[in-house]
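Listed below, chain by chain, are the residues.
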There are 2 protein chains.
Amino acid sequence: MTTTEYTVTGMTCGHCEMSVREEVSEVDGVTEVAVSHETGRLTVTSEGPLDDAAVLAAVDEAGYTASRA
Amino acid sequence: MTTTEYTVTGMTCGHCEMSVREEVSEVDGVTEVAVSHETGRLTVTSEGPLDDAAVLAAVDEAGYTASRA
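- The name an unreviewed UniProt entry gives chain A is Copper chaperone CopZ, with Kytococcus aerolatus as the organism.

1. So, the overall build of chain A
Working step 1: For chain A, the count of helices and strands is two helices and four strands.
Working step 2: Overall, chain A shows an N-to-C arrangement of helices and strands of β-α-β-β-α-β.
Working step 3: Against the globule reference of 11 Å for 69 residues, chain A gives a C-alpha radius of gyration of 10 Å, in line with a compact fold.
Working step 4: Principal-axis analysis of the C-alpha atoms places the extent of chain A at approximately 30 × 20 × 15 Å.
Working step 5: Counting every position in chain A, which comprises 69 residues, the buried fraction comes to 42%.
Working step 6: Here the contacts in chain A between residues at least 6 apart in sequence split such that 61% fall between residues at least 24 apart.

2. Examining the pattern of salt bridges
Residue and element names in this part refer to chain A.
Working step 1: Applying the stated rule across the entire model yields four salt bridges over all chains.
Working step 2: Arg41 is paired through a salt bridge with Glu5; the nearest N and O atoms lie 2.9 Å apart. Taken together, the positions of Arg41 in strand β3 (residues 41-46) and Glu5 in strand β1 (residues 2-9) put the pair 36 residues apart, joining distant regions of the chain.
Working step 3: The class of Arg41 is partly exposed, set by a relative accessible area of 38%.
Working step 4: Between Arg68 and Asp52 there is a salt bridge, with its nearest N and O atoms 2.9 Å apart. With a gap of 16 residues between them, Arg68 in strand β4 (residues 65-68) and Asp52 in helix α2 (residues 52-62) connect regions that are remote in the sequence.

3. Some words on the nonpolar core
Working step 1: In this structure, Val20(A), Leu42(A), Val20(B) and Leu42(B) are the most contacted members of the largest nonpolar core, which totals 40 residues.
Working step 2: Beyond its immediate chain neighbours, meaning those up to four positions away, Leu42(A) contacts Thr4(A), Glu5(A), Tyr6(A), Val8(A), Val20(A), Val24(A), Val33(A), Ala34(A), Val35(A), Val55(A) and Val59(A).

Reading the values: rules and limits
- Residues numbered from 1 in each chain as written.
- Chains lettered and ligands numbered in written order.
- Predicted model: local features only at pLDDT ≥ 70, side-chain atom pairs only at ≥ 80, totals over all residues.
- Heavy atoms only, no water.
- Helix = DSSP H or I, 4+ residues; strand = E, 2+ residues; numbered from the N terminus.
- Rg over C-alpha atoms; globule rule 2.2 N^0.38 Å.
- Buried < 20%, exposed > 50% of the residue type's maximum accessible area, 1.4 Å probe, protein only.
- Contact = heavy atoms within 4.5 Å.
- Salt bridge = Lys/Arg side-chain N within 4 Å of Asp/Glu carboxyl O.
- Core = buried A, V, L, I, M, F, W, Y, C linked by side-chain atoms within 4.5 Å.

Now the structure itself:
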């Protein structure tokens, strides 16, 4: 199991968190997503090594910008 | 046709606007809903006189608080 941390900018509310959670949950191997608009912290748990580019693309798809924390 | 203005507090983004729009659109007689999280202004167009309590309840259902502007 791998846990990877990201910082997401632009989220303002719980709806924003939900958008990010939905997109990131679809990335291959992801088993759990924790995200907070208050801290901007996104924690992704995966079965194996996580495809960073896929996570960043998923957050972008949700309408926000992420970087590795 | 009647246009009624409300002030909504608590909306922070486009997702919030969408939540308000969805709930208020379901109120009887409503034909158009315009809402902005930037100004907090909610403008409801209806076929006849609008049921204020129903609009306030719809906004509450979306998770925000409205009052007549």
